Structure formats: C-alpha cells, structure tokens
Amino acid sequence: MSMDLSRRAINNLWPLLLAGSWEAEAAATDPLPSACYPFESLPVSVNKATHAESRQVFKGVTHEGVSIDMHITTMPPGQMPHAPHHHVHEETMMIKEGKLEVTIAGKTTVVGPGSVIYVLSNEEHGLKSVGDVAAQYFVLAIGKQTKS
C-alpha cells in the first residue's frame, strides 16, 4: 500500500505534529510540587558589583506547563539590579523593606513596604533602591523566561 501526500496535505499536518511534540514536551516536565521555602534555607548569591544578595526560591512549571520563577533580592541603597530592560514573561514584585524607584515604560514611581509592582510582557522597566536602608523585594516571573 503506497501513500501519496501532496504539499497541501503535508502542510495541513504540521499543526498536528507540532501540537503532539509540545504535549510530549510538557508531559516530560513535572509541575512544581507544593512546598515551604524557609528564608534561612535559601542559598545566597552576592553580586560583586552591587553587593546585592539574591535568593532563588523556586523555578519550574505550573500544572499547565507555564514557567514560574521566584527569587528574593536585597538591594543596597543607590544600587540597581541591572539596566532597564524588557522580556517576554510578566513579573510581579512585592516590596518587603526599603524603597524602590521603579520606571515602567518611561513613568517613574517610588514604592515602599507592602507595595506591589506588575510589569506586562515586553514593557521596558528598571529598578533602583532609594532611601536609607536596603530594599528587599520578591520577584515572581510567570511565562516564557527569555529576553525579547
């Protein structure tokens, strides 16, 4: 039995082939399990240039296969974690201590403890620790973790 496929028939198969490949890839990655992450148990990395401390809390995928990543940064006054940038994933930042000067799409706001920042995909943003004490903030990144 022979099977002749036209270009049109092959082109119509691509979405099915790609969907099957994505499902297999997603199934191979287990979702991040429920857990508690005591602050004192999180490994600390220090940026030599800014003296900022970073603690990776978790990194994985949700039950739907969406990338999710959380880290905690403690940024000394006057320092920035990096130059203003943009990326594909969304970010939510929650301020625990200190103050951050936040610029999103050219608009600057100063926020303090208890404040929340949300940055939409591909929107340029930057942070700077301002005030007398280090700013400590939690960053929750959701979605594809690539720079755009």
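A. Broad picture of the overall build of the chain. A count of helical and extended segments in the chain gives one helix and nine strands. The buried share of the chain, taken over its 148 residues, is 26%. Long-range pairs, those at least 24 residues apart, make up 63% of the contacts in the chain between residues at least 6 apart in sequence. When the accessible surface of the chain is split by element, carbon and sulfur atoms take 58% of a total near 9800 Å².

B. Main features of unusual backbone geometry. A positive phi angle, close to 65°, is found at His51, a residue other than glycine. One non-glycine residue, Asn122, adopts positive backbone phi at about 65°. Relative to the assigned elements, Asn122 resides in the loop between strand E7 (116–119) and strand E8 (125–130). What makes Asn122 partly exposed here is its relative accessible area of 40%.

C. Spotlight on the packing of aromatic side chains. A full pass over the atoms with the stated rule returns one aromatic pair. Ring centres of Tyr37 and Phe58 lie 5.5 Å apart, and the angle between their planes is 45°; this geometry places the pair in the tilted category. Remark: Phe58 occurs in strand E2 (residues 53–61) and Tyr37 occurs in the loop between helix H1 (7–28) and strand E1 (44–46); sequence separation between them is 21 residues. Exposure remark for Tyr37: the relative accessible area of 31% places this residue in the partly exposed category. What makes Phe58 buried here is its relative accessible area of 15%.

D. Just the sheet that holds strand E4 (residues 90–97), in detail. The strand order across the open sheet formed by six strands is E1-E2-E3-E9-E4-E7, and the pairing between neighbours is antiparallel. Every interior strand has two partners, whereas the edge strands, E1 and E7, have only one. Neighbour to neighbour, the strand axes of the sheet diverge by 20° on average, direction disregarded. Of the pairings in the sheet, the one linking E4 to strand E9 (residues 135–142) comprises seven bridges and is antiparallel in character. Within the sheet, the bridge partner assigned to Met93 lies in E9 and is Val139.

E. View of the side chain of His85. Position of His85 relative to the elements: it lies in the loop between strand E3 (67–75) and E4. In terms of polar contacts, His85 uses its side chain to reach the side chain of His82, at 3.2 Å.

F. The nonpolar core, seen in detail. Counting residues in hydrophobic clusters, the biggest one holds 13 residues, and the most contacted among them are Leu100, Ile117, Leu127 and Tyr137. Secondary-structure elements contributing two or more residues to this core are E4, strand E5 (99–104), E7 and E9. Once you skip the residues sitting within four places of it in the chain, Ile117 turns out to touch Glu91, Thr92, Met93, Ile95, Leu100, Val102, Ile104, Val111 and Leu127. Listed in part, the seven residues of the second largest apolar core include Val57, Phe58, Ile72 and Leu140.

G. Quick peek at the pairing of E3. Counting buried positions along E3 gives seven out of nine residues, so the element sits mostly inside the fold. For E2 and E3, the ladder comprises eight bridges, and the chain directions are antiparallel. Within E3, the residue paired with Ser54 across the bridge is Thr73. In sequence, E2 turns back onto E3 through a hairpin of five residues, with Gly65 there showing a positive phi of about 85°. For E3 and E9, the ladder comprises eight bridges, and the chain directions are antiparallel. The residue bridging Thr74 from the neighbouring strand is Gln136, located in E9.

Rules of the game
Residues numbered from 1 in each chain as written. Predicted model: local features only at pLDDT ≥ 70, side-chain atom pairs only at ≥ 80, totals over all residues. Heavy atoms only, no water. Helix = DSSP H or I, 4+ residues; strand = E, 2+ residues; numbered from the N terminus. Buried < 20%, exposed > 50% of the residue type's maximum accessible area, 1.4 Å probe, protein only. Contact = heavy atoms within 4.5 Å. Areas by Shrake-Rupley, 256 points an atom, 1.4 Å probe, with all protein chains shown as cover. Phe/Tyr/Trp six-rings, centres within 6.5 Å; stacked < 30°, edge-to-face > 60°. Pairing = 2+ DSSP bridges. Axes fitted to C-alpha atoms, helices over the stretch in contact; angles between N-to-C directions. Polar contact = N/O pair within 3.5 Å; in protein donor to acceptor, adjacent residues only side chain to side chain. Core = buried A, V, L, I, M, F, W, Y, C linked by side-chain atoms within 4.5 Å.

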